[in-house]
Amino acid sequence: MTRIVCKFGGTSLADANQLRKVEAIVRGDARRRIVVPSAPGKRTKNEPKITDLLYLCHEMAEMQTDFSSPFSTIRERFLGIESELGLDVGMNDILDEFRAQLQQGVSRDFVASRGECFNGRIVAALLEAEFVDPAKCVVIRANGSVDPQTYQRLGEAMADESRTYVMPGFYGSDTHGNLKTFSRGGSDISGAIAARAAMADLYENWTDVSGMLMADPRIVPNPAPMIEVTYREIRELSYMGASVFHDEAILPVREVGIPICIKNTNDPAAPGTSIVTRLSPEVDKSTEIAGIAGKRGFSMVCLDKSLMNKEVGFAYRLLGIFERRGISVEHCPSSIDGINVIVDAAALGEQSDGVIDEINRVLQPDRVEIEEDLALIAIVGEGMARSVGIAAKVFAALRDARVNVRVINQGASELNIIVGVGPDDFERASRALYSAFISSGRVSEAPTA
Ligand code: ASP
């Protein structure tokens, strides 16, 4: 039988009403056999997430201050969900025991993991499913990566294909058996691990948007979701700030070719976004780009030196200056007599004068200066290498929007074109690019505004 792993994010589990939607989704397809829940998230924009309240309780308990205010919010949320769903998982006793543990002193990771753990109990009762304890199956190494023994352990714990299993996300144990969490948003990783351990046919990641959006909704009003995106494109887009799916969650499923589908719990009929190794031929043929993502907060160190190209090792010595100072280099566009180094402005920080002095001393350039406040926008798409006219469309759109382009960089993989613009042009440029490409984008449904 084919099995689907469904991971539900915090907003999909924020209250009893959302949990009923989750139940309908899981029961609506007999292949949905493995469910990975997050902790309850926000019901409204300003409400704290349960995980944030748990971190707060831990911090207050450590400082020996009274944590009853955040604790009672946590209690109300869980008891409310339990009673509204008409379940009895013994949540009151579970919470009393947890309170005592907090008072005695427990690790930060243990405390943070309780949101997923308690929610897992509720979801398992709701679905009449077997609870799988990640602390016994998921082994997380010191650097946060998954220990390969996890797959066998978890595969055995979820071996019966006729049963439904619920495994809370976000945590496991370290190699010594102590409870350990992944980084924030890590339930996506747990879902990917479960999919791989079960060798599932599909990993569904249920959230509150109908897939990955073609642009940042904080900048472009109501951007359309993409129907398909490749793993490589996701890497480029998320590096430039696009979010929805945890970066590290891609690897476990990508290695064994399990596709991911991002779906909307509030609109399950919407097709969502499929993350695939290779685009389907129709999508590949009919679309130009996957999406647009951008970030502010870069600085550019610009230097000119006549005959720089004849000086063997010039770039090596230049980049060594950044390496020794622990500054990661993002991009490095060059010309015959000039080279620019684009870095994260925060990483350069107070070292900017030191960098300039060292460049002057080591490389004796004709000019060196730092342009601060650069925003980068990446236009990302697999088809770019083969299509004629994408660059023309990018620059025509920017010209029409009267955006001054300060840097142009096409990635070596021909998967992206990156443009650098001033901070005041960033939003206008992003919107202009989105409008230029929306009609040939990989959208699953027409944008509604
Ligand atoms: N609850 C955790 C967090 O807020 C993990 C997750 O939701 O994926 O980061």
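Everything numeric in this text was worked out from a predicted model, so none of it was measured.

So, how was this worked out
Residues numbered from 1 in each chain as written. Predicted model: local features only at pLDDT ≥ 70, side-chain atom pairs only at ≥ 80, totals over all residues. Heavy atoms only, no water. Phe/Tyr/Trp six-rings, centres within 6.5 Å; stacked < 30°, edge-to-face > 60°. Helix = DSSP H or I, 4+ residues; strand = E, 2+ residues; numbered from the N terminus. Buried < 20%, exposed > 50% of the residue type's maximum accessible area, 1.4 Å probe, protein only. Salt bridge = Lys/Arg side-chain N within 4 Å of Asp/Glu carboxyl O. Axes fitted to C-alpha atoms, helices over the stretch in contact; angles between N-to-C directions. Parallel < 35°, antiparallel > 145°, perpendicular 65-115°, else oblique. Contact = heavy atoms within 4.5 Å. Nonpolar A, V, L, I, M, F, W, Y, C, P; charged D, E, K, R; others polar. Near = heavy atom within 4 Å. Polar contact = N/O pair within 3.5 Å; in protein donor to acceptor, adjacent residues only side chain to side chain. Areas by Shrake-Rupley, 256 points an atom, 1.4 Å probe, with all protein chains shown as cover. Pairing = 2+ DSSP bridges. 1 Å grid on protein atoms, 1.4 Å probe; cavity = no way out; pocket = protein on both sides within 12 Å on 5 of 7 lines; lining within 4 Å. Points joined across faces, edges and corners; volume = space filled by probe spheres on them.

A.B. asks: In this structure, what is going on with the packing of aromatic side chains? I would like to understand it.
C.D. replies: This structure, assessed with the given rule, holds 5 aromatic pairs. With 5.8 Å between their ring centres and 20° between their planes, Phe8 and Trp206 make a pair best called stacked. You can see Phe8 sitting in strand β1 (residues 4-8) and its partner Trp206 sitting in strand β7 (residues 202-207), a full 198 residues away along the chain. Taking the relative accessible area as the measure of exposure, Phe8 reaches 0% and is therefore buried. Here Trp206 falls in the buried class, since its relative accessible area comes to 1%.

A.B. asks: Hey, could you run me through the pattern of salt bridges in this one?
C.D. replies: Note that side chains of opposite charge can pair when their charged atoms are close. Counting across every chain of the model gives 28 salt bridges. Of the charged contacts in the structure, one is a salt bridge between Arg431 and Glu427, with a shortest N-O distance of 3.2 Å. Here Arg431 and its partner Glu427 are both found in helix α16 (residues 426-437), 4 residues apart, which amounts to about one turn of the helix. Among the residues examined, Arg431 registers a relative accessible area of 35% and is labelled partly exposed. One network of salt bridges, in which partners are shared, links Glu23, Arg27 and Glu128.

A.B. asks: How should I be thinking about the packing of helix α4 (residues 91-104) against helix α5 (residues 108-126) in this particular structure?
C.D. replies: Two quantities define a packed helix pair, namely the angle between the axes and the distance from one axis to the other. Packing of α4 against α5 brings their axes to within 12 Å, and their N-to-C directions diverge by 170°. As judged from the angle between their axes, α4 and α5 are roughly antiparallel. Along the contact surface, α4 presents Met91, Ile94, Leu95, Phe98, Gln101 and Leu102, while α5 presents Phe110, Val111, Arg114, Phe118 and Ile122. Grouping the amino acids of the contact of α4 with α5 by side-chain chemistry returns 9 nonpolar, 1 polar and 1 charged.

A.B. asks: Looking at this model, I keep getting lost on the site of the ligand. Mind explaining?
C.D. replies: Around the ligand, the neighbouring residues are Ser38, Lys49, Thr51, Glu116, Phe170, Arg184, Gly185, Gly186 and Ser187. The side chain of Thr51 places a nitrogen or oxygen atom 2.8 Å from a nitrogen atom of the ligand. Against a free-state accessible area of 260 Å², the protein chains account for coverage of 94% of the ligand. Partitioned by chemical class, the residues of the shell around the ligand number 1 nonpolar, 5 polar and 3 charged.

A.B. asks: Help me understand the pairing of strand β11 (residues 291-304), please; the structure alone is not making it clear to me.
C.D. replies: Across a regular strand the side chains alternate sides, sitting on one face of the sheet and then on the other. Judged from the 11 bridges that link them, β11 and strand β14 (residues 367-380) form a sheet pairing that is antiparallel. Along β14, the bridge assignment pairs Cys302 with Glu369. Where β11 and strand β13 (residues 338-344) come together, 7 bridges link them in antiparallel fashion. When the sheet's bridge partners are listed, Cys302 is paired in β13 with Asn340.

A.B. asks: Help me understand the layout of surface pockets in this model?
C.D. replies: In this approach, a probe sized like a water molecule rolls over the atoms, and the result shows the empty space that is left. As a volume, the second largest pocket reaches approximately 290 Å³. What lines the second largest pocket is a set of 15 residues, among which Ser145, Val146, Glu248, Leu251 and Pro252 lie closest to the centre. Elements with a minimum of two residues in the lining of the second largest pocket: α8 (187-197) and α10 (250-254). Top element by residues in the lining of the second largest pocket is α10. It accounts for 4 residues.

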